[in-house]
Structure formats: structure tokens, C-alpha cells
Amino acid sequence: ANARTYRPDRRSFSEERPGGMDPRKEASQLRALEELLAKMLYSIFYEDKVLDRTLHSFFLDNKKFGSRDRKFLSECVFCCFRDWGYLRHLLSERELESMKFSAESRESGNFHQLLTAVRSLAGFRDFEFPRSAHDEAEKVEALFRYFHRPISFSTEDAVPPGIVENLAKEIDPKTLERHWMKRPPTWLRIQTGDVDSVIAALVAAGVPLVRHPRVFNAVSVAPSSVNLRTLPEYRDGLFEVQDIASQGIGLAARPKAGERWLDCCAGAGGKSLQLASIMHGRGTVIASDIRDYKLEELRKRAKRAHLQNIELREWDGKALRKRFADKYDGILVDAPCSCSGVWRRNPEGRWQFREEELDEFAAIGNGILDNVCSGVRPGGVLVYSTCSLFHKENADVVERFLASHAQFTLESFEDPVSGQQSDGMLQLGMEQGGDAMFVARMRRRMEESTLVDDNL
């Protein structure tokens, strides 16, 4: 029953049962995947392109693909780069050196096996994985056995050189390897007081949800065919898509209604929206960023969420002017970084990693902290966060800042996601199935204020 054989001349599994995909449709999909995967491998490894943008450009240039084809192609490509440390062993040394897969070279059995592997791992082939294969790593091993390929994987296949040496002390490389081989979940943050009614509406719309055991307004969404952004609850601003680790940063900041906060690297504003929501629309969140177009996106999101307490201001990244000294109850610095904590969503970043960039990002983080810390009022809070796994961008930055700014000290706080107590610095998210992020909470001592201009 359900017998399957792999036939290299046909480039796919032959399913000896009725009811499978139309052969012509399957052949068309496979040709498209061949072309796309060859293009993406070269673009990522030789041109340092960004995966999602390159994929978006491909679809813009090939409008013949409908939504189902785009889903099929996208999931296969992301699966390939997520598991690339293992799948690369299917190719020859010459193929790995050039990454130039012409129409002729794509005829090789190696490339066909790579196609079959990514289709199977992405869930688009009816390959019967062993019941013992509970995660993606074990499924890869099952496929290698099927292809009669030797299996000699190590942690270094999934965690490239230079990464292990720089990991934060709390992160185990083996745990990270398994983390990277899992599909990232989708998390929602309900941003209305009536959380239960929003959840009920989403469930009624066919959205499979699981509530977080500690964060009352956070829910994870299981894979489904529902487009969340078409739902009336999204259009009415009742929820935002935000990873649980990202939500943990806003919760660790703990802004209060009526306070004045600065989010100085706001980007598209996910954390600005959360801060304003936690404050129940009372007080002010000043959202700033060097990139104007990001603030324009935040303007639209704030309007949709009906949050009137967000103000947008440009900031050139330089030291705050004297008139802004001691003006804020809290400042959030969500600093630019390697983004290693979200490499599960951007899997190409793992293979494009350059160790020398860590010092550059660390210098940026320290520079921003130096430039904005004067804005924290005595007794106020300074929160530093990144989506990084590396101590150079995280703890090292905080320790260097504290060593040169005696008026600030670490403040112990409870991990809002797990409930564990921290010493003031926390790596969060991975244990809850989210991204990996870092947050530090610092308090300015109640010393004599040196405020000169108090007009603003």
C-alpha cells in the first residue's frame, strides 16, 4: 500500500496510488522550483542578497504564479536554507564551489535529490517519514538513508564556525541547532482590554489559537489557510503580529499610564505600539528612527490601532539636545544588531555571518546608549534590547555602558514570559518557542538633576 520509489529520470517520487497531484501541474511546479532554487543559492552565497527580498523580486518578475504556487515555492526555499547545513551534503564539491546551476547542471541526480528533500521537508511530498522522526533533523537523516547517503552530521553543520565562540553563556549550541531547524511560530498580541472576545472572534474565523500560559494577551497561531491581515479584527487594530520574545521586551520595560517614554530606534513600531497599549493610551510614547519610511509605516499602524498617545519624531542618532535632558520616565533602545536571534525567520543570515561585524554593532549599541541616556530622568528606566544571541552585542555592551555611567545600575526583574527572576539582564524567547532576544533593565539613581532648560 502507498508504495513509493524514487526515479531520477522522472525527478520526483512516483506514487502508486490514485488521487495524487496532476502530473502536468507537478512537472510545472518542479521546473519552477528548479529555476528558483538555483537562482536563490547563487544570490545568497555569492551576492549576499536578502532571502525574502530576492524571493519577492522573483515573484514580481513572474506574475504567472498564483497564491498556491507562491506558497509552495516559498516554503521550499525557506526550508532549504533553514536546513542547508545538512542538505549541502547532497551536492558535490564542484557544485558547492560554483553554485551556478545552469539548465544542464540541474539535470544531475544530486540536484534532483536536493529538490526532493526540500519538497518533502516542506510538506509537499507524500514521503512517509518514520514514526521515530519527530523533528526536522531526524527527517533529514531519514531522507539521507533513503538516498543511500552516509550520515555524519555534527553541530557545526547547523552552527557555522565563529558562532559558538560568541554565543551568550546561557545558550547551548546543541539546543540552538534544534531551534534553528524548527519553523518559527506566529504570535499575536491582542491590544484591547477585551482579550477574550477578540480570541473568540478569531477562533470563529477559523484561526487555530493557543493562549500563552503567562502572558494573558499573547496567543500563538498554528499553520492555517486564514490570512490574518484580511480579518476585520486586524483592520480594526484589535491585534498585532508580534513574536513572544519581542512582547517580552515591552513587558520588561513596564511603562505606566501617564508616563513619557522614548523609543529611539522604533523602526516599524511594534514595540512603540506595545508600550502605548500597556499605558492604556495615557501618557506619551515618542517614537523616533533615522529611517523616515519606517516611521510612516508606524503612523499607519498607530492609526489602525486607535492609539493617540504615539508621537513621531525624526532623530539623527546624535546626542540628545540639552532641552531633552531628564525628560523621559523611560527610554527604550532596541539597537541595530546582527539579528541572529531571528535567523529562524531569516535563515540565510546564518550562512552570511561575519564575525567582524559584531564589534561594529557593539559600537553602535554603545554609541546610542551614550547619546540618549541623558534623557532619562532621575529615578527613570533605561531599557536596552537586541534580537541577538551574541554576548558582544548584549551583555558586553551593557557592562561597558555601566562602567562609564555610574548614575545607572542594573535592576533585577522577573522574566515576563517564563516567570524566572533575572539579575537585570535576560536572554529570552527560545524556551517558549519564540525568537531569541536580549533585554537589560537599568535604573537611574535619584541624584541631583542637572537640568538646564525645562521648557519642553
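Quick caveat: nothing in here was measured; it's all calculated off a predicted structure. (Residues numbered from 1 in each chain as written. Predicted model: local features only at pLDDT ≥ 70, side-chain atom pairs only at ≥ 80, totals over all residues. Heavy atoms only, no water.)

1. Describing the overall build of the protein
When its secondary structure is counted, the protein shows 17 helices and 14 strands. For 456 residues, the compact-globule formula gives about 23 Å, and the C-alpha radius of gyration of the protein, at 24 Å, lands near that figure. Residues counted as buried form 52% of the 456 residues belonging to the protein. Counted over contacts in the protein with a minimum sequence separation of 6, partners at least 24 positions apart contribute 72%. In the protein, which carries 66 positive and 69 negative side-chain charges, the distance between the mean positions of the two groups comes to 5 Å. (Helix = DSSP H or I, 4+ residues; strand = E, 2+ residues; numbered from the N terminus. Rg over C-alpha atoms; globule rule 2.2 N^0.38 Å. Buried < 20%, exposed > 50% of the residue type's maximum accessible area, 1.4 Å probe, protein only. Contact = heavy atoms within 4.5 Å. Lys, Arg positive; Asp, Glu negative; His and termini not counted. Charge placed at Lys NZ, Arg CZ, Asp CG, Glu CD.)

2. Here we look at the pattern of salt bridges
Pairing is possible between side chains of opposite charge, provided their charged atoms come close. Going through the model one piece at a time under the given rule, you end up with 23 salt bridges. Where R291 meets D289, a salt bridge forms, and the shortest distance between an N and an O atom there is 2.9 Å. A relative accessible area of 37% places R291 in the partly exposed class. A cluster of three or more residues bridged by salt bridges with shared partners is formed by E240, R301 and R304. (Salt bridge = Lys/Arg side-chain N within 4 Å of Asp/Glu carboxyl O.)

3. Comments concerning the sheet that holds strand β5 (residues 218-221)
Strand order in this open sheet of four strands is β4-β5-β3-β6, and the pairing throughout is antiparallel. The open sheet is flanked by β4 (209-211) and β6 (239-241), the only strands paired with a single partner. Taking each pair of neighbouring strands and ignoring which way they run, the sheet shows an average axis angle of 30°. Each of β3 (186-190) and β5 is contacted by helix α12 (residues 244-253), which is oriented at about 35° to β3, the strand it contacts most. (Pairing = 2+ DSSP bridges. Axes fitted to C-alpha atoms, helices over the stretch in contact; angles between N-to-C directions.)

4. A word on the nonpolar core
Counting 61 residues, the largest nonpolar core has L37, L41 and L114 as the members making the most contacts within it. A total of nine residues in this core trace back to one element, the largest contributor, which is helix α1 (residues 23-47). In this view, L37 contacts V77, C80, F111, L114, L115 and V118; residues no more than four positions away in its chain are not counted. Judged by nonpolar contacts, the second largest core, of 33 residues, contains W261, I310, C387 and V417. (Core = buried A, V, L, I, M, F, W, Y, C linked by side-chain atoms within 4.5 Å.)

5. Looking at the side chain of D243
By the secondary structure assignment, D243 is in the loop between β6 and α12. By relative accessible area, which is 9% here, D243 ends up buried. Excluding residues within four positions of it along the chain, D243 makes contact with W187, R345, G434 and D435.

6. As for the environment of D415
Mapped onto the elements, D415 comes out in the loop between β12 (408-410) and β13 (425-428). Among the residues examined, D415 registers a relative accessible area of 4% and is labelled buried. For the pair formed by D415 and A117, sequence separation is 298 residues and the distance between their alpha carbons is 39 Å. Apart from the residues lying within four places of it in its own chain, the contact partners of D415 are R214, Q420, L426 and L428.

7. Things to note about the packing of aromatic side chains
Enumeration according to the criterion identifies 18 aromatic pairs in this entry. Aromatic pair F58 and F59: ring centres 5.8 Å apart, planes at 70°, arrangement edge-to-face. Note on accessibility: F58 and F59 belong to one class, buried. With 5.5 Å between their ring centres and 55° between their planes, F401 and F408 make a pair best called tilted. With respect to burial, F401 and F408 carry one shared label: buried. Through successive ring pairs, a cluster of aromatic residues spans W180, W343, F353 and F390. One Lys or Arg, R304, reaches over the ring of Y234 and ends 4.2 Å from the middle of that ring. (Phe/Tyr/Trp six-rings, centres within 6.5 Å; stacked < 30°, edge-to-face > 60°. Lys NZ or Arg CZ within 6 Å of the ring centre and 35° of its normal.)

8. A closer look at the packing of helix α13 (residues 270-278) against helix α14 (residues 292-305)
Two elements in contact, α13 and α14, have axes separated by 10 Å at closest approach and are oriented at 35°. Here the hand of the crossing between α13 and α14 comes out right-handed. Every residue of α14 that contacts α13 at G270, S272 and L273 is listed here: L298, R301 and A302. Its residues placed into classes, the contact of α13 with α14 shows three nonpolar, two polar and one charged. (Left-handed = near helix turned anticlockwise from the far one by under 90°. Nonpolar A, V, L, I, M, F, W, Y, C, P; charged D, E, K, R; others polar.)

9. Things to note about unusual backbone geometry
Of note, M99 is a non-glycine position whose phi angle comes to about 55°, a positive value. Tracing the backbone through its elements, the reader meets M99 in the loop between α5 (93-98) and α6 (109-121). A positive phi angle is found at H148, which is not glycine, with a value near 60°. Relative to the elements of secondary structure, H148 occurs in the loop between α7 (136-146) and α8 (155-158).

10. A word on the confidence of the model for the protein
Within the protein, residue pLDDT values average 88, and 93% of them lie at 70 or more. Predicted confidence is poor over residues 449-456, with pLDDT under 50, and the contacts of this stretch with residues over four places away or in other chains come to 13 contacts. (pLDDT = per-residue confidence, 0-100.)

11. Side note on the packing of helix α3 (residues 67-82) against α6
Packed helices, taken two at a time, are described by their axes: the angle between them and the distance between them. Here α3 crosses α6 at 105°, and the two axes come no closer than 8 Å. Overall, the two elements α3 and α6 adopt an arrangement that is roughly perpendicular. Across from F72, C76, C79 and C80 in α3, the residues of α6 making contact are V118, R119 and L121. Residue composition of the contact of α3 with α6, grouped by class: six nonpolar, no polar and one charged. (Parallel < 35°, antiparallel > 145°, perpendicular 65-115°, else oblique.)

12. What to know about helix α17 (residues 395-404)
All buried positions along α17 are accounted for by A395, V397, V398 and F401. When α17 is viewed along its axis, its buried side chains cluster within an angular range of 160° and face the same direction. Seen from the open side of α17, the exposed residues pointing more than 90 degrees away from its buried face are A403 and S404. Contact partners of the buried residues in α17: α16 (357-372), β11 (376-386), β12, β13 and β14 (437-444). (Arc of directions from axis to C-beta.)

13. Description of the pairing of strand β9 (residues 310-314)
Pairing analysis gives five bridges linking strand β8 (residues 284-289) to β9, with the strands arranged parallel. Bridge pairing links V285 to I310 in β9. You can see the chain leave β8, run along α14 and come back into β9, and the turn it takes is right-handed. (Right-handed = clockwise from strand over helix to strand, strands pointing away.)

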